[in-house]
Amino acid sequence: MREYQDFGQFHFHWADYVVFVLMIVLSTGTGVYYGYFKKEKTAKKLPHADVEDAAKRTTDFGSSKMNEYLLGSRKLKIFPVAMSLVGSYVSGVTILGTVSEIYNFGTQYWLIVVAIVLMAIVVSTVYLPVFAALRVGSSYEYLEMRFNSTIRSIASIMFVMDEIFFLPIILYVPAIAFSQVTGVNTHIVSGVICVVCVFYTLIGGIKAVVHTDAWQIIVMFVSVVIVVILGTVYADGFTDIFKTAAEGGRIIFGNINPSPYERQSLWAVLIGGFFYWTSFNSVNQTMVQRYMSLPSLRNAQWSVAIFTVGIVMFISVCCFAGLLVYNFYRNCDPLTAGLISNDDQLLPVYVMQTVGNLHGIPGLFIAGVFGAALSSLSVVLNSTALVVLEDIVKGCFRCKLSEKSSAILVKTCIVVLGGIAVSLVFVLEKLSGILSVATSVTAIAAGTTCGLFTLGMLVPWSNHKGALAGAIAGALMSGWISFGSQISFAKGDLVSQKLPISVVDCPANVTTVPDDPFYDESDVFPLYRLSFHWINPIGIASTILVGTIVSFLTGPTVLKKLDADLLSPIIHKFLPNECFPATESETELTRDNTAQTLTHLLGNSRAGPKMDHETVAGGKGPERNMK
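Residues numbered from 1 in each chain as written. Predicted model: local features only at pLDDT ≥ 70, side-chain atom pairs only at ≥ 80, totals over all residues. Heavy atoms only, no water.

- As recorded by an unreviewed UniProt entry, the chain carries the name Sodium/solute symporter and is attributed to Stomoxys calcitrans.
- Its UniProt record gives the chain the following Subcellular location (unreviewed entry) comment, quoted word for word: "Cell membrane".
- Listed under Sequence similarities (unreviewed entry) in UniProt, the entry text for the chain is "Belongs to the sodium:solute symporter (SSF) (TC 2.A.21) family." (UniProt positions renumbered as here; feature names shortened; annotations may be inferred.)

Okay, structure coming up:
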C-alpha cells in the first residue's frame, strides 16, 4: 500500500521545530524563575516551626536554604506535586513501551490500572503516615531509625546504583524518536536535553523540578490525546478500532491462566503489577521526597489520589493508542517491513505516517515525549543528589558539612550524574544487552528496598540482623531470577511469544511473515521462565520471610521498647501501651483523659496556634501531627 511507502516524505516542518524549542525554552525559564526570582521572595519568609517540633528534630539538612532547595521548605502545593509524581512514572519509555506492549501482546496489560488504584490505597494508609510522623527528608533515614546505619547504607547505595542505570534509558529512548523524524544525531539530542535539564534542576532545586514537571506532564498528556483523537478520526471511529483489534486477537481481558510463565495473565498483571507499583511509590526516594515537600499528611494523601487519577488516565490513553497503531498496521507490520528497527519506534512512525502532514502536530508529540523524559530526569537528578548528601555522605560516612559545603556537594552530584547519563548513552547504543541489565538492577533494588521498609513497618519484632539477612536474600533471589532470564533470552532459550502479525499489504519486497514456531522451554530452569511481573513480588516476599525468621532466631525486638511512630498505623492497635510514650506536649493526652483535658485543648486551640490534627497515629495511641 502507498501509505506504507510514503513515510520518507514526512519530516519535521519548521513549525514542529518551533513547538519543540518552545518547550525547551519554557523548561529553562521555569528553572531561572524559581532559582532566582521566586527564591528571593520565599527565602525571606521561612516556614514557622513549633517549639515542640524544634525539640524533636533539627532543621532539615542543617540549614533553611538547603531545606528550601531540596524540600521546598515543605510548603509546596498539592497539584504541582501530584503532576510531578506523574512525571516520575511517565517517561518516553512508558509512552512508547506501553503502545508496543498492547500492539504485540494484547490488552490484558490494561488491567494494570486496577493494581494502581489498590496501590494508592495501601501507600496512603500504610507507608505515608510513617514518613509523615517522622518528618524524614530522605526515606532511607527511616531504616537507620528502625534498624541501624548499615541497613540504611545498603538501601541508599542500591538506590543510587539503580538510578545511574536508569538515567541513560530516560535520555536514549526519546532521543531515538527525535532522531527518527529529524535526522539529528542521537548523541547531540541527548546531550542538549541533558544540559537543559541539569541547568534548571541545578539552579531551581525541587521547586523548579516540581513546577516544570507539572506543565511538562500537561503538554505530554495533551500531545498524546491529540494524536489519539486524530488517529481515531482517521480510523473511522471506536467501533472499527475495537472490531479490528478483536479480529486480530488483541482484545484480551480474561486470561485467567494460572501458569506463572504466562506473560500477561490476569494474576500476573494484578498481583505483580500491584507489588511493582507499590514498591516504587511507597518508599522510593524520588516519590517520598515530593510527599515530604508538602505541609501535611492530608495534603500528601491528596497528592497520591490526584497522581493515581492522572496515571490511570494516561496509561489508558497509551493503551488505546496501542490499539490505534495495530488498526493502522494490521496488514503490514512496520518492524517486518523495515520501517523501524525496534518496537519502541511504533508510535513515532505511526504519528509521522498519519498526521505528519499536519505541521506542528509531530512537533507537539515529540515535545510531549521529551517533556516526559525531562520530568523523569530532573526528579532522578534531584533525588539522587539528596540521597548522596543525606544518606551516604552524612549517614554512611558520618561527615558533618556546612551549608556551603552541602550546597556544593548536591550541585556537583547533579552535574556529575548528568555527565554519567550522557556518557552511558554511548554504552547503551553499543551494547544492546545493557537495557536488560538495567531493567534487572531496577527490579532487584525496588523489591529489596520495599521488603526492608515493609519488614520494619509491619513486623514489629524484626531486628537489624533479620533486616540484613532479608536484604541479602531478597537481592540474591530477585537477581538470580532476573539475570537468569535475561541470559536465557540472550541465548535464545526463551522467546517472547508475540501475537500474530500480517504483511499482506506491505510493499512487494516484503512477502512473508517470519516463522514463529512453538518453542519448547521445558528444559529451561523454571524460575527463568517466570513472567517479569513476578520478579518484584518474589524479591519482596523473600526479604520479609527471611527477615522475619532470622529476627526470631536471633532474638526478636522487644515491642515495649519500640516507638509507635516507627510502625504503620494499621498495626498500632496490636501494640502495647509502652509504645506510645507521652512527650512533654502530650502529658495530658493519656488514655485516662477527662473532660477537663478536652476543655484545655479546645481553649488552647482558640488562644494559641491552630493545632494540626491531620496526622493520627491510629489505634489506642495519641494523636500526632506532621508539623
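### What to know about the nonpolar core
Inference 1: The biggest cluster of nonpolar side chains holds 155 residues, and the ones touching the most others in it are Ile95, Phe131, Tyr291 and Ile311.
Inference 2: Counting residues per element, this core draws most heavily on helix α17 (residues 361-396), at 20 residues.
Inference 3: Residue contributions to this core reach at least three from each of two domains, namely domain 1 (8-41 + 73-429) and domain 2 (440-501 + 524-557).
Inference 4: Apart from the residues lying within four places of it in its own chain, the contact partners of Tyr291 are Leu85, Val123, Leu128, Asn281, Ala300, Ser303 and Val304.
Inference 5: One finds Ala564, Ile571, Cys579 and Phe580 within the second-largest nonpolar core, a separate group that totals seven residues. (Core = buried A, V, L, I, M, F, W, Y, C linked by side-chain atoms within 4.5 Å. Buried < 20%, exposed > 50% of the residue type's maximum accessible area, 1.4 Å probe, protein only. Helix = DSSP H or I, 4+ residues; strand = E, 2+ residues; numbered from the N terminus. Domains from an automatic or database assignment. Contact = heavy atoms within 4.5 Å.)

### Topic: helix α12 (residues 266-283)
Inference 1: For α12, built from 18 residues, the straight-helix expectation of 26 Å at 1.5 Å per residue is met to within 8% by its first-to-last C-alpha distance of 26 Å.
Inference 2: Along α12, 13 of the 18 residues are buried, which leaves the element largely enclosed by surrounding structure. (Expected span 1.5 Å × (residues − 1).)

### Here we look at the environment of Gln285
Inference 1: Note that Gln285 resides in helix α13 (residues 285-291).
Inference 2: Assessed through its relative accessible area of 0%, Gln285 is described here as buried.
Inference 3: Gln285 sits 101 residues away from Leu386 along the chain, and the two C-alpha atoms are 8.9 Å apart.
Inference 4: A distance of 2.8 Å separates a polar atom in the side chain of Gln285 from the backbone nitrogen of Ser139. (Polar contact = N/O pair within 3.5 Å; in protein donor to acceptor, adjacent residues only side chain to side chain.)

### What about the side chain of Arg146?
Inference 1: Mapped onto the elements, Arg146 comes out in helix α8 (residues 141-146).
Inference 2: Buried charge Arg146 goes without a salt bridge, the closest partner of opposite sign being Asp563 at 10 Å.
Inference 3: Here the side chain of Arg146 touches Pro460 through a polar contact of 3.0 Å, landing on its backbone oxygen.
Inference 4: When sequence neighbours within four positions are dropped, the list of residues in contact with Arg146 reads Leu455, Gly456, Val459, Pro460, Trp461, Ser462, Thr557, Leu562, Leu566 and Leu567. (Lys, Arg positive; Asp, Glu negative; His and termini not counted. Salt bridge = Lys/Arg side-chain N within 4 Å of Asp/Glu carboxyl O.)

### A look at the environment of Thr354
Inference 1: Its location among the elements puts Thr354 in helix α16 (residues 346-355).
Inference 2: Residues Thr354 and Ala235 lie 119 residues apart in sequence; the distance between their C-alpha atoms is 10.0 Å.
Inference 3: Filtering out sequence-adjacent residues up to four positions away, Thr354 remains in contact with Tyr234 and Phe328.
Inference 4: In terms of polar contacts, Thr354 uses its side chain to reach the backbone carbonyl oxygen of Tyr350, at 2.7 Å.

### Looking at the pattern of salt bridges
Inference 1: Scanning the entire structure with this criterion turns up eight salt bridges.
Inference 2: Put simply, Asp493 and Lys491 hold a salt bridge, and the shortest N to O gap is 3.8 Å.
Inference 3: On the basis of relative accessible area, Asp493 is assigned to the partly exposed category, the value being 34%.
Inference 4: Within this structure, Glu144, Arg152, Asp391 and Arg398 form a network of salt bridges that share partners.

### Points about unusual backbone geometry
Glycine aside, negative phi is the norm for most residues, and most peptide bonds take the trans geometry.
Inference 1: For Asp236, which is not glycine, the phi torsion reads 70° and is therefore positive.
Inference 2: Relative to the elements of secondary structure, Asp236 occurs in the loop between α10 (186-234) and α11 (238-247).
Inference 3: Judged by its relative accessible area of 64%, Asp236 falls in the exposed class.
Inference 4: At Arg398, a residue that is not glycine, the phi angle is positive and equals roughly 60°.
Inference 5: By the element assignment, Arg398 lies in the loop between α17 and α18 (403-430).

### Digging into the packing of aromatic side chains
Inference 1: This structure, assessed with the given rule, holds 22 aromatic pairs.
Inference 2: Where Phe242 meets Phe320, the ring centres are 5.9 Å apart and the plane angle is 40°; that geometry is what we call tilted. Here the residue Phe242 occupies a position in helix α11, and Phe320 occupies one in helix α14 (residues 297-329), the gap between them amounting to 78 residues.
Inference 3: With a relative accessible area of 7%, Phe320 lands in the buried category.
Inference 4: Relative to Tyr329, the ring of Phe328 lies with its centre 4.8 Å away and its plane at 90°, an arrangement referred to as edge-to-face.
Inference 5: Owing to a relative accessible area of 1%, Tyr329 belongs among the buried residues under this scheme.
Inference 6: Joined through ring pairs, the aromatic side chains of Phe12, Tyr17, Phe20, Phe178 and Phe370 make up one cluster. (Phe/Tyr/Trp six-rings, centres within 6.5 Å; stacked < 30°, edge-to-face > 60°.)

### Brief notes about the side chain of Gln345
Inference 1: Tracing the backbone through its elements, the reader meets Gln345 in the loop between α15 (334-337) and α16.
Inference 2: The residues touching Gln345, leaving out its near neighbours within four places in the chain, are Ile176, Gln180 and Ile340.

### Notes on the packing of helix α20 (residues 464-491) against helix α21 (residues 535-553)
Inference 1: The N-to-C vectors of α20 and α21 enclose an angle of 150°; their axes lie 7 Å apart at closest approach. Taken together, the axis directions place α20 and α21 in an arrangement best described as roughly antiparallel. Considering only the axes of α20 and α21, their crossing is right-handed. Of α21, the residues touching α20 (which contributes Lys465, Gly466, Ala469, Gly470, Ala471, Ala473, Gly474, Met477, Ser478, Ile481 and Ser482) are Ile535, Ile538, Gly539, Ser542, Thr543, Val546, Gly547, Val550 and Ser551.
Inference 2: Residue composition of the contact of α20 with α21, by class: nine nonpolar, ten polar and one charged. (Axes fitted to C-alpha atoms, helices over the stretch in contact; angles between N-to-C directions. Parallel < 35°, antiparallel > 145°, perpendicular 65-115°, else oblique. Left-handed = near helix turned anticlockwise from the far one by under 90°. Nonpolar A, V, L, I, M, F, W, Y, C, P; charged D, E, K, R; others polar.)

### Quick look at the packing of α11 against α14
Inference 1: Direction vectors running N to C along α11 and α14 enclose 75°, while the axes themselves pass 9 Å from each other. Considering their axes alone, α11 and α14 lie roughly perpendicular with respect to each other. Between α11 and α14, the residues in contact are Phe238, Asp240, Ile241, Phe242, Thr244 and Ala245 and Phe320, Leu323, Leu324, Tyr326 and Asn327, respectively.
Inference 2: Residues of the contact of α11 with α14, tallied by class, amount to eight nonpolar, two polar and one charged.

### Observations regarding helix α7 (residues 112-134)
Inference 1: In a regular helix each residue adds 1.5 Å, so 23 residues correspond to 33 Å; α7 covers 32 Å between its end C-alpha atoms and thus fits that length.
Inference 2: Leu128 marks where α7 bends most, by close to 45°; the proline Pro129 follows one to four residues later.
Inference 3: Most of α7 is tucked away, with 17 of its 23 residues classed as buried. (Bend = angle between axes of the 7 residues up to and from the residue.)

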